[in-house]
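Fold and geometry: a report
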Amino acid sequence: MAPHPAPLVGEPGQVMTAVELFETIRSVVPDDTVLMEESPSNIAELHTAWPIEKPDSFYTAASGSLGWTLPASVGIALAERDSGRNRTVVVMIGDGSFHYAIQGLGTAAAQRLPILYVVPRNGEYAILKAFADLEETPGVPGLDLPSLDFVSLGEGYGCAAERAETVTEVQVAVKAALGRSGPTVLEVPILPTIPPLL
């Protein structure tokens, strides 16, 4: 991807920015956490807040194709359990990406896998808006996602689920998720941004 401008930092009391969300989660989870990512519109912010410093600690799709990460997280968590390493698995997955293989949540719940799925909720399919900008095709329909309820979706598949809006709420929610024996879906509203692709 193209170099991104410096990540946005919000004003106190406003909706969190992506980098604030990622920094908050990174500050609470164990150092050996396995990070998985499918939130392409804020990948620069993720790597700013959470640099990859250890081998075998970060997984994402190599090709940029969407839909791999959610079901792959089930496999990673099963491998962590079977190997006895039992590292925490955290998945950053965007509003749009979440729906490609959502049924993987049912498997995670059935297997009681302690995966934390974090949805940085920007209310839009931002990476496709970025492609629309690149290809000079403004106004593509269906890219605004204002009414999705990820708490209900998570609960519907048997996961613990909640919404957090502040740094403190996110910290509390992540700590609670780390203590569970099954998966958690955490929806966090963030400031929407459209990343440049070139």
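Just so it is clear, the model here is predicted, and its values are computed rather than measured.

Right, let's get into the overall build of the chain. Each helix and strand counted, the chain has 7 helices and 6 strands in total. If one aligns the C-alpha atoms of the chain with their principal axes, the spans along those axes are about 50 × 30 × 30 Å. Split into buried and exposed, the 198 residues of the chain put 49% on the buried side. Considering only residue pairs separated by 6 or more positions, the chain has 77% of its internal contacts joining residues 24 or more positions apart. Carbon and sulfur atoms form 55% of the exposed surface of the chain, whose accessible area is close to 9,300 Å². Between the averaged position of the 11 positive side-chain charges in the chain and that of its 24 negative side-chain charges there is a distance of 10 Å.

Proteins that are soluble and globular tend to have nonpolar side chains buried together. Counting 25 residues, the largest nonpolar core has Leu21, Ile25, Trp50, Val90, Met92, Val170 and Val174 as the members making the most contacts within it. Every element with two or more residues in this core is listed here: α1 (18-28), α2 (43-49), β3 (89-93), β4 (115-121), α7 (167-178) and β6 (184-189). The element best represented in this core is α1, accounting for 6 residues. The residues contacting Val90, other than those within four sequence positions of it, are Ile25, Val29, Thr33, Val34, Leu35, Met36, Trp50, Leu116 and Val118. Of all hydrophobic cores here, the second largest spans 23 residues; its members include Val89, Ile115, Val151 and Cys159.

This part is about the pattern of salt bridges. Considering all chains together, one arrives at 9 salt bridges under this definition. The salt bridge partner of Asp56 is Arg85, with a shortest N-O separation of 3.1 Å. Pair noted here: Asp56 is in the loop between α2 and β2 (58-59) and Arg85 is in the loop between α3 (69-83) and β3, with a separation of 29 residues, a long-range link. Residue Arg180 is joined to Glu162 by a salt bridge in which the shortest nitrogen-to-oxygen separation is 3.8 Å. Placement of the pair is Arg180 in the loop between α7 and β6 and Glu162 in strand β5 (residues 160-163), with a sequence separation of 18 residues.

Thresholds, definitions, all that
- Residues numbered from 1 in each chain as written.
- Predicted model: local features only at pLDDT ≥ 70, side-chain atom pairs only at ≥ 80, totals over all residues.
- Heavy atoms only, no water.
- Helix = DSSP H or I, 4+ residues; strand = E, 2+ residues; numbered from the N terminus.
- Buried < 20%, exposed > 50% of the residue type's maximum accessible area, 1.4 Å probe, protein only.
- Contact = heavy atoms within 4.5 Å.
- Areas by Shrake-Rupley, 256 points an atom, 1.4 Å probe, with all protein chains shown as cover.
- Lys, Arg positive; Asp, Glu negative; His and termini not counted.
- Charge placed at Lys NZ, Arg CZ, Asp CG, Glu CD.
- Core = buried A, V, L, I, M, F, W, Y, C linked by side-chain atoms within 4.5 Å.
- Salt bridge = Lys/Arg side-chain N within 4 Å of Asp/Glu carboxyl O.

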